[in-house]
Amino acid sequence: MQLILQKDFERRATGKLTSRIFCHGREIDRQKLLRFQRSHTDREANFPSYIRLTTPPLQSHLLSFPKIRSIEASALPQPVVGRHDNPLPFIGNLPRDVVCKVLLHFDLEDIFNFALTCRSYLGLVSDEKACKLFLETQLPFCKETQEAIAGKNSFAFALQRAAKRRLAFRTAHPFAAIVIGIGDSFTYQDGMLCYSIDGMVRVLNLYESDSRELVISTHVLLGVAIHEPIIPKEWHCQLLQCSPMGLLSFLFTKPTTHQDSWLVIFDLQKKAILVSERLPSTKKLFIRQNRQYICYGIQSDIETDGKMDWEIRIFSISKGMWYEDEIAFPDVSYAEIGTTTCFELHDGYFYAASNQTNFNFEETWSDYDTDWISYYHLMRFPLNAPCTALCETSKIWRRQHQEGPIDERWTMLKLEAEETTGKLRIIELRNEWLEGSSKTTRTSYMTDIIFPAFALSFNLSGGDELYCRDTGFALYRPWKRHSGRSLIRLPSEIHPCTSYPLRAMIKRNMFCVQYYHSASNTFLDMVDEPVFGDTKRKQRLRLRVDYRLRLPPNLSRFNSEQRSWSHDEVLCELKHTFKESDSCWPPEKDPQFNNHDDHLDRLDELLNPPNQTGEVRGVADERSVVYSSGSASHRSHGKHAAIVFISFDPAIRLTGIGKWVDRRSNQDSETQRSVNNSYTAKADEKKFQETESLCWEECAMFRRINRGYCF
């Protein structure tokens, strides 16, 4: 007897399977089989040899089922089934624990979409134990998982938030777009927005959906920091960084005397000054901070031999003191932070990375012909014991000049921690003319960081270890050797942006913000694409997203053990391993309506505030995009730039922001447009009164502006 599982197409909504039982080629009624089973009172007795239940073979390493002693499994060949017959068992009949183990092999977005397929599996994304298992396996180091571990949110909330956020980021479908305020300058990091206006600095926590802002008087803050009476007009205030730990950094300088510069760090929770330090110089000043340490660095003056050094100082928050030792290391790139050099604090270390070297530097390997090779230069030291003796250096292969020239205007360099392993790695975006092509290709390169002291602890078999001539230490190489004399990365470490190639040289000015998120394999760009022939609107900002999804394993020919990868083989492998896709927001107008759409016009006016266009400056992360729009000519006439916030996080729900409705009456559209044109004037009429108080709380400015939508 054979059991055939067949899909019931009359129940497509539930996706259930029905079974048909055959014996000697004839179908047996289920009721007859049940009567036959009842006649055998002895459960230990076996069925007759001519009655056998056959099931399709399963992969034993994925699933295991309990054995039924009263049924004998048979290895008889499967019968010929129809086109609509499915011999596999319905996954809904599997235990919940088995389903969870199977889903561990899926991505987080696939798990979330699988739970939405039917009502019986909707509980997977609301069960605490299952969500904790998924997050700790898939994304143990992402922000949502860390917040759930700390007890701020539940694991079910964290999983749904992370999945919705990544899906919205990939498809360029934000959850909100709001004019968050107006100001002269701003800084944004991990949900903490700080912007200055009329001698005041306003701080708003967007991740917590706060409706009130902390207002800080800059001239009062400077007077308390330096313990001297000041004239506010003689000092210039610059916002450096606002960390989610509640530390806001200021730089106060006197334009008349360049030597009088102060670094002031304000504690937002205690509402008090934490650090006030006079700086010897402000050249290439940067600051990095976490919960325990504050680091700042400056670039020294050019010495007689033409070299410059980085000078780093560390402040311990727990001890409340600066370390005496000042770390100095050479600047090999004549740094442009974010382009050729980047700095980061991670896992108790200070990291510095550069993609450039001195012009007279040339290095060759013994088993290759003489050829100029570019390397990543890395340096790190422990934060709890900063000294030159404990500094570690490393060099990792970057590229060869034979790969083609680089358009340096597009280069972006950063250090980013993986959400799956928590390890730090190098992310670099380059625009190159590869292999002599006439078209440029923007590509993201991901490189793991391993320092020589720890390279020997890895099992580097097959000659994965090289030795540097000038230092003598072992150097790990994360690349594979080609049959020729070139070094090519694996396809998983390369992501070319192929949806909208960069053809024209002037297009770099149109890209206001560029960002790459390695965890979701997504390029995010804010592009200024004005409509040709439209003289009224000279600015039209849009989000462009290019992302890739991994194809099923049977469609991929990727083999990590393969050592030979040519450039053509890499491109071919990428097509078989990943599926490229792109999206834009807001979408294009429908030409059937003569490119006239009221609801898209209102959205364009939100993203491009009237009378506040030009000089777009912005930042982006995996949850949001924040940018300011407004030229310097407008600011010189007393007007301020509009600050717009675009959120991909479904948990950010700001008070007073209404929902977006695609179609409204013409009367609503005209009323909304008049508000758009006048909100800047209303905000400019509000002049902040000077007070002797250091800080106080006020209603958030976005509630007075009242311009934004939730989608």
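See above for the structure.
The structure presented is a predicted model; accordingly, all values stated were derived computationally and were not measured.

What counts, and at which threshold
Residues numbered from 1 in each chain as written. Predicted model: local features only at pLDDT ≥ 70, side-chain atom pairs only at ≥ 80, totals over all residues. Heavy atoms only, no water. Buried < 20%, exposed > 50% of the residue type's maximum accessible area, 1.4 Å probe, protein only. Helix = DSSP H or I, 4+ residues; strand = E, 2+ residues; numbered from the N terminus. Pairing = 2+ DSSP bridges. Salt bridge = Lys/Arg side-chain N within 4 Å of Asp/Glu carboxyl O. Axes fitted to C-alpha atoms, helices over the stretch in contact; angles between N-to-C directions.

What about the pairing of strand E17 (residues 327-330)?
Burial of the side chains of E17 is restricted to one face: Ile327 and Phe329 are buried, whereas none of Ala328 and Pro330 on the reverse face is. Here four bridges tie strand E15 (residues 309-316) to E17, and the two strands are oriented antiparallel to one another. Directly across from Asp309, in E17, lies its bridge partner Pro330.

Here's the deal with the pattern of salt bridges
Following the criterion strictly, the structure yields 34 salt bridges and no others. The partner of Arg161 in a salt bridge is Asp649, and the shortest N-O contact between them spans 2.5 Å. Of this pair, Arg161 sits in helix H6 (residues 155-171) while Asp649 sits in the loop between strand E36 (641-647) and strand E37 (658-659), and the two are 488 residues apart along the sequence. Note that Arg617 and Glu615 form a salt bridge whose closest N and O atoms lie 3.3 Å from each other. A residue is classified by how much of its surface remains accessible, and Arg617, at 47% relative accessible area, is partly exposed. Owing to a relative accessible area of 36%, Glu615 belongs among the partly exposed residues under this scheme. A cluster of three or more residues bridged by salt bridges with shared partners is formed by Glu144, Glu147, Arg161, Arg165, Arg623 and Asp649.

What about the environment of Ser437?
Assignment of secondary structure puts Ser437 in the loop between strand E23 (424-432) and strand E24 (441-448). Since its relative accessible area comes to 33%, Ser437 is described here as partly exposed. For the pair Ser437 and Gly404, spaced 33 residues apart in sequence, the C-alpha to C-alpha distance is 8.4 Å.

What about the sheet that holds E24?
With respect to topology, four strands assemble into an open sheet ordered E22-E23-E24-E29, the strand pairing being antiparallel. Each having just a single partner strand, strand E22 (406-417) and strand E29 (494-497) make up the two edges of the open sheet. Strand-to-strand twist in this sheet, taken as the mean axis angle between neighbours without regard to direction, amounts to 15 degrees. Pairing analysis gives eight bridges linking E23 to E24, with the strands arranged antiparallel. Among the inter-strand pairings, Glu432 is bridged to a residue of E24, identified as Thr441.

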